[in-house]
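# Structural overview
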Amino acid sequence: MTLLATLLGRQKAGVANACKEVDELEREKEEALRPLTSGIMETGMDESGDYKRQVSNESLKDPQVQALSQQLKEWINDVLTDDHIVVKNLCEDLSDGQVLSALIEKLAGAKIEHKEVAQSIASQKAKLTEVLNQINYHLQVVDDGIKWNVDNIHNKYLISVLHLLVALARHYGIPRRLPSFVKIQVLQITKATQQTETISEQITGDEEREHYNFAARQQERDVFDTLFDSAPDKLNAVKGSLMAFANKQLSQINRGCSNIEEDFANGVNLVVMMSLAEGYYVPMYSFSMEPEAYDHKLHNVTLALNLMQEAGIPRPKCTAESIVSKDLKSTLRVLYAIYSKYKHLVK
């Protein structure tokens, strides 16, 4: 056989293998998009506290529960198409943290360093802990509002998985309306007495309103949209005014800024400005004064936004991620929100 024939044969084999991989991926997606059945949906159990809880068989067959699970699964697969990740079973495929890690990285631009596939239960839970901490930061939920934890996600407890995914879908916007007022019947067993009762857990609320409100927020324009689109000549003047205000505040502790996009991206100056304006001390252990890692910068900016909210400042039209990413419009919105509240302090 000639060298040319050999090379052509290898090339054909390579093309055939690539086509086979594409076909297999498409088959997996088709399988994942088939309607759920009770046999496919593994639900796990919540064994925390004084009770054992498990989803009832009736709820597994509930069309509303199946529709919600299916829509969330399709949404994840759409988001992760470029990563060639196909989720077939929500509880099973999300339990080790790998898919959730890819999902939050894609949705929020988060950076999770611990990406190797975890094999042991301990390493899977460690991975899952890191991922859920990231998700909770991005969702900005307080402890009382968290309806999921490492053990329940790892144990494939359907209710915790659905609560988590619904929260992510609402926060980042799912391009389809989820079923409203979905409830799941749960069998609750008291560990001490083995007494059994059925309780109801609500997973979704008025999702039509949630969907409408998210769409409205996305379409709502503010003064900075107009400034960037229609009056770019005035942009430098606005930047100069906000920079002067920020420097006046920061000069109290011998800090300053010269570049709006750069000097607020790590969140330090924002935290400092809020503490000075409100007259309180933010403990050094609660944020990083010299953050290098993306996570530390994100933590700082999230803290600053939370401090603004506690001070009664309306939430600017931005995310913590956009500030860390040095988005000028988002940074200006935050500075203007602070300026509007405290401009009387500058003389």
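See the structure shown above.
Residues numbered from 1 in each chain as written. Predicted model: local features only at pLDDT ≥ 70, side-chain atom pairs only at ≥ 80, totals over all residues. Heavy atoms only, no water.

## A short note on unusual backbone geometry
Glycine aside, the phi torsion of most residues is negative, and most peptide linkages are trans. For clarity, the cut-off: For the purposes of this entry, the term helix denotes a DSSP run of H or I that reaches at least four residues, the term strand denotes a run of E that reaches at least two, and both are numbered from the N terminus. Throughout this description, buried means an accessible area under 20% of the type-specific maximum (1.4 Å probe, protein chains only), exposed means over 50%, and partly exposed covers the range between.
Not every positive phi belongs to a glycine, and Lys-156 is a case in point at roughly 65°. With respect to the secondary-structure elements, Lys-156 resides in the loop between α7 (150–154) and α8 (158–172). A positive phi is found at Gln-194, a non-glycine position, where the angle reads about 65°. For Gln-194, the location among the structural elements is in the loop between β2 (183–190) and β3 (196–202). Gln-194 sits in the exposed class, given a relative accessible area of 53%.

## Describing the packing of aromatic side chains
Keep this limit in mind: For Phe, Tyr and Trp, rings pair up if their centres lie within 6.5 Å, where Trp contributes its six-membered ring, and each pair is then called stacked (planes under 30 degrees apart), edge-to-face (over 60) or tilted (otherwise).
Following the criterion strictly, the structure yields two aromatic pairs and no others. An angle of 85° between the planes, with centres 5.2 Å apart, marks the rings of Phe-245 and Tyr-339 as edge-to-face. With Phe-245 in helix α11 (residues 235–250) and Tyr-339 in helix α16 (residues 328–342), this pair connects stretches of sequence that are 94 residues apart. Using a relative accessible area of 4% as the deciding quantity, one classes Phe-245 as buried. Tyr-339 sits in the partly exposed class, given a relative accessible area of 29%.

## Quick notes on the environment of Lys-88
With respect to the helices and strands, the residue Lys-88 is situated in the loop between α3 (63–79) and α4 (90–94). Along the backbone, Lys-88 and Glu-74 are 14 residues apart, and their C-alpha atoms lie at a distance of 9.3 Å.

## Some remarks on the sheet that holds β2
Operational definition: At least two bridges found by DSSP between two strands are what make those strands a pair. All axes are obtained by fitting lines to C-alpha atoms, using only the stretch in contact for helices, and the reported angles, taken between N-to-C directions, cover 0 to 180 degrees. Whether two residues are in contact is decided by their heavy atoms, any of which lying within 4.5 Å being enough.
The strand order β1-β2-β3 describes an open sheet built from three strands, whose pairing is antiparallel. Both edges of this open sheet fall to β1 (51–55) and β3, since each of them pairs with a single strand only. Strand-to-strand twist across the sheet, computed as the mean angle between neighbouring axes with direction ignored, equals 35°. Bridge analysis of β1 against β2 gives five bridges, and the strand direction is antiparallel. Among the inter-strand pairings, Arg-53 is bridged to a residue of β2, identified as Gln-188. Packed onto the sheet, α8 meets β1, β2 and β3 and runs at close to 140° relative to β2.

## Re the nonpolar core
Inclusion rule: The set of buried Ala, Val, Leu, Ile, Met, Phe, Trp, Tyr and Cys residues whose side-chain atoms join them within 4.5 Å is what this entry labels a nonpolar core.
Core analysis: the biggest nonpolar cluster contains 45 residues, and Leu-72, Leu-100, Leu-165 and Leu-168 have the highest contact counts within it. Elements with a minimum of two residues in this core: α3, α4, α5 (98–108), α6 (121–139), α7, α8 and β2. Element by element, the count of residues in this core is highest for α8, at ten residues. Contact partners of Leu-72, with chain neighbours within four places excluded, come to Leu-90, Leu-162, Leu-165, Val-166, Ala-169 and Leu-178. Of all hydrophobic cores here, the second largest spans 42 residues; its members include Val-272, Phe-287, Ala-320 and Ala-337.

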